[in-house]
Amino acid sequence: AAWGRSAYKTITKTLRVPLIGVFVAFLWAVVRGLIKSWALIGFGLCGFVIAGILFEFWRGIRARQHTKAESFIIALLRLLSRNRRRYGGYIIHLGVVLMALGIIGIEMFQTKTQGTISQGEQLNLGAYTIKYEKLSIFETEDGRNISRAVVSVYKNGQFLQELYPRRDYYYQSQQQMTIPGVRSTWEDDLYIILVDWEPVTAEEATFKIFNNPLINWLWIGGIVFILGAMVAVWPDREYFPAKSQVRQRQYHSAKI
């Protein structure tokens, strides 16, 4: 929107695509069950910005395709190379928005539970069911004592995979380290921590479980942010004068 030069109709037409992004973001949040007032506002703003940025790229690519008859990929690469600060800034903003999605997910929709269960029993967290199978205690050649549980993960009654939360005890330093079992997807991360167990029979164990929706978008946004910064600050190619021009300047300098 150019100050003092953008007509009402032009601004309305420009905002049409970002507003569609808001609607898509609302619809996606409702389908995924991520319904909270402040979260919906955040998702709407994210959808607005993402749609606006993608629309700017699309307009630039279509303009080059129309004037230069370039393919989509070539038009995109040349658009980036000849307008690095502008489009690098767009990519940086896109990275910030993707990180915001991850922050909204973990701050507003993180769920957790903790419980002590016997072998064969289950813990429930939302759509997830965690079944305690067994626990093994063994030594390693590098001086560790490992207590590792085996748990089966189900979602909506469907088996997904086994996870192996454990606790490592280092004899040399006399310290222990808790290693969670992690299932990571685009949708969420599931962390299972082995908190405690019966040292003799190992029939009962205590688990702490976290579900972090959208957390991976935080890391994806960070990568996109770095790529955008690289595009924006990448130095332009230096064009040196032709050898004949250099020689001509040297000749005139010597003559003077």
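Remember, it's a predicted structure, so these values are computed and weren't measured experimentally.

So, how was this worked out
Residues numbered from 1 in each chain as written. Predicted model: local features only at pLDDT ≥ 70, side-chain atom pairs only at ≥ 80, totals over all residues. Heavy atoms only, no water. Helix = DSSP H or I, 4+ residues; strand = E, 2+ residues; numbered from the N terminus. Buried < 20%, exposed > 50% of the residue type's maximum accessible area, 1.4 Å probe, protein only. Contact = heavy atoms within 4.5 Å. Areas by Shrake-Rupley, 256 points an atom, 1.4 Å probe, with all protein chains shown as cover. pLDDT = per-residue confidence, 0-100. Patch = residues over 30% accessible without salt bridge, like charges linked within 9 Å, V, L, I, M, F, W, Y side chains within 5 Å. Salt bridge = Lys/Arg side-chain N within 4 Å of Asp/Glu carboxyl O. Lys, Arg positive; Asp, Glu negative; His and termini not counted. Charge placed at Lys NZ, Arg CZ, Asp CG, Glu CD. Axes fitted to C-alpha atoms, helices over the stretch in contact; angles between N-to-C directions. Parallel < 35°, antiparallel > 145°, perpendicular 65-115°, else oblique. Nonpolar A, V, L, I, M, F, W, Y, C, P; charged D, E, K, R; others polar.

## Comments concerning the overall build of the protein chain
Counting its secondary structure elements, the protein chain contains seven helices and ten strands. Burial analysis of the protein chain (256 residues in total) assigns 34% to the buried set. Pairs at least 24 apart in sequence give 52% of the contacts found in the protein chain among residues at least 6 apart. Summed over its atoms, the accessible surface of the protein chain is roughly 17,000 Å², and 59% of this surface lies on carbon and sulfur atoms.

## Some words on the environment of Ala205
With respect to the helices and strands, Ala205 occurs in strand E10 (residues 204–213). Accessibility expressed as a relative area gives 0% for Ala205, which makes it buried. Those residues in contact with Ala205 that sit more than four places away from it in its chain are Gly115, Thr116, Ile117, Tyr132, Leu194, Asp196 and Trp197.

## Topic: the confidence of the model for the protein chain
In the predicted model, the protein chain carries a mean pLDDT of 87, and 87% of its residues have values of at least 70. Summarising per-element confidence for the protein chain, the mean pLDDT is lowest in helix H7 (residues 243–255) (55) and highest in strand E5 (residues 158–163) (95).

## Here's the deal with a negative patch on the surface
Together, Glu121, Asp196, Glu198, Glu203 and Glu204 line one region of the surface with negative charge. Counting through the fold element by element, Glu203 comes out in the loop between strand E9 (188–197) and E10.

## Re the packing of helix H4 (residues 72–82) against helix H5 (residues 84–109)
The N-to-C vectors of H4 and H5 enclose an angle of 110°; their axes lie 5 Å apart at closest approach. Of the possible angle classes, the one that applies to H4 and H5 is roughly perpendicular. Here Leu79, Leu80, Ser81 and Arg82 of H4 come into contact with H5, specifically with Arg84, Tyr87 and Ile91. Residues of the contact of H4 with H5, tallied by class, amount to four nonpolar, one polar and two charged.

## Section: the environment of Ile179
Within the fold, Ile179 resides in strand E7 (residues 175–179). Between the alpha carbons of Ile179 and Tyr191 there is a distance of 9.8 Å; along the sequence they are twelve residues apart. Non-local contacts of Ile179, meaning those with residues more than four positions away in its chain, are made with Tyr164, Pro165, Arg166 and Asp168.

## What about the pattern of salt bridges?
Where charged atoms of side chains with opposite charge meet at close range, the side chains can pair. Under the criterion given, the structure shown has nine salt bridges. Arg32 is the salt-bridge partner of Glu187, the closest N and O atoms lying 2.2 Å from each other. With Glu187 in the loop between strand E8 (181–184) and E9 and Arg32 in helix H2 (residues 16–32), this residue pair connects regions lying 155 residues apart in the sequence. Put simply, Asp142 and Arg144 hold a salt bridge, and the shortest N to O gap is 3.1 Å. For Asp142, a relative accessible area of 52% puts it in the exposed group.

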